[in-house]
Amino acid sequence: MHLDHTLLRTFLAAVDMMSFARAAARVHKSPATVSMQIRRLEEEIGKPLFIRDTRNLALTREGEELEGYARRILRLHDEAAEAFRRPQMEGAVTIGAPDDYISAMLPDVLRRFGAQFPRVELNVVCAQSTALLPQVAAGDIDLAIVTRTGGTEGQLIRREPMVWIASRDGQALERDPLPLALYEQGSQARAVTLAALARSSLRTRSAYASFSHSALVTLVEAGLAVAAVARMAVPPNVVRLGEKDGFPEVEPLEIILVKAKRTGSAASEALATAILEGAR
């Protein structure tokens with residue numbers, strides 16, 4: 001069996017548009033050519049891919065199965081083609097970010113970057129924003145994804161909501177005053193959390209502090225405290241709390257990309273572009 005990439009692209013256009021006529025406009029072919037290419041693909045597969053009637057277009061079970069394979073095949077094909085179209089970039093890039101930003105924002109970006117630039121060495125530094133900014137200023141780190149604090153300059157990646165979390169058994173919620181797990185002194189996440197609490201009537205006490213998101217989550221999961229964390233990094237085995245539970249709204253964090261002042265290498269500029277495009 002040979003799955004022609006041109007036929008697969010036409011097939012996915014038809015899936016996305018659920019119309020051969022609209023798919024024809026997307027792939028710049030006539031509707032008759034689209035119909036012919038779908039028939040060729042069905043002959044190759046040996047099964048019908050679409051259920052057709054006068055008004056609707058729907059996928060058969062085989063069509064649904066092929067869609068997943070087709071998207072993976074074409075994604076890998078396009079990544080390989082792009083990698084060989086580009087100059088063979090080499091060098092090393094050091095990027096820093098807090099642990100929650102690394103796990104929530106970087107996996108897909110680094111996978112695509114690694115496929116496109118396999119000869120670029122990536123060094124990843126996991127640390128809190130307050131520790132990363134001096135390292136960027138000193139030129140020890142090329143790029144850093146950090147929380148904007150005060151007048152920190154950098155390119156905005158996203159505004160990230162903060163949410164309150166507690167253990168599923170609600171153990172910490174039974175204590176008075178309410179025990180808090182907070183980020184380290186000087187961090188923006190800690191500042192906006194305390195500012196929100198100052199506007200509320202909750203009785204709280206600072207019970208634990210850490211620069212590590214993983215550590216704060218562990219404390220929450222153990223039922224020792226509640227915490228306000230970035231929404232994108234909320235683990236599945238906790239409960240979210242909101243205004244209906246008596247918890248105040250916390251100001252969102254501005255996540256920015258900061259570059260070293262010295263002239264950036266082509267590799268670091270390419271990674272910066274990949275991060276910003278990934279955010280979009």
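Anything mentioned here points back to the structure above.
The following refers to the structure shown. Keep in mind it's a predicted model, so treat the numbers as computed, not measured.

Calculation notes
Counting from 1, residues in each chain are numbered in the order their sequence is written. Residues qualify for local features only when their pLDDT is at least 70, as the model is predicted, and side-chain atom pairs are given and counted only at 80 or more; totals for whole chains, interfaces and linings, by contrast, use all residues. Here the side-chain values reflect all heavy atoms present in the structure, with hydrogen atoms and water set aside. Being paired, for any two strands, means DSSP has found at least two bridges between them. Starting at the N terminus, helices and strands are each numbered in turn, a helix being any DSSP run of H or I of at least four residues and a strand any DSSP run of E of at least two. Angles shown run from 0 to 180 degrees and are taken between the N-to-C directions of axes, each axis being a line fitted to C-alpha atoms and, for helices, limited to the stretch in contact. The definition of a polar contact used here is a pair of N or O atoms within 3.5 Å, where within protein one atom must be able to donate a hydrogen and the other to accept one, and adjacent residues in sequence count solely through side-chain atom pairs. Residue burial is assigned from relative accessible area. The probe radius is 1.4 Å, only protein chains are included, and a residue is buried under 20% of its type maximum, exposed over 50%, and partly exposed in between. Along the arc lie the directions from the helix axis toward the C-beta atoms. In the sections that follow, a salt bridge refers to a side-chain nitrogen of Lys or Arg positioned within 4 Å of a carboxyl oxygen of Asp or Glu.

## Thoughts on the sheet that holds strand β3 (residues 91-97)
Read across the sheet, five strands follow the order β4-β3-β5-β12-β6 without closing on themselves; strand pairing throughout is mixed. Only two strands of the sheet have a single neighbouring strand rather than two, namely β4 (120-126) and β6 (155-160). Averaged over all pairs of adjacent strands, the angle between their axes in this sheet comes to 20°, without regard to strand direction. The pairing of β3 with β4 spans seven bridges and is classified as parallel. Across the sheet, residue I95 finds its bridge partner in β4, namely V124.

## Looking at the environment of D4
Along the chain, the position of D4 falls in the segment before α1 (5-17). Sequence separation between D4 and E44 is 40 residues; the distance between their C-alpha atoms is 9.5 Å. A distance of 2.7 Å separates the side chain of D4 from the backbone nitrogen of T6, its partner in a polar contact.

## Topic: helix α7 (residues 129-137)
Buried within α7 are the following residues: S129, L132 and V136. On an axial view of α7, the arc spanned by its buried residues comes to 60°, and they lie on one face. Of the residues one or two after α7, G139 is the one with positive phi, at around 85°.

## Quick word on the pattern of salt bridges
Evaluated as defined, the whole model comprises 13 salt bridges. In this structure, E42 and R52 form a salt bridge, with 3.3 Å as the shortest nitrogen-oxygen distance. Taken together, the residues E42 in helix α3 (residues 31-45) and R52 in strand β1 (residues 50-52) connect sequence positions 10 residues apart. For E42, a relative accessible area of 11% puts it in the buried group. Taking the relative accessible area as the measure of exposure, R52 reaches 41% and is therefore partly exposed. In this structure, E160 and R158 form a salt bridge, with 3.1 Å as the shortest nitrogen-oxygen distance.

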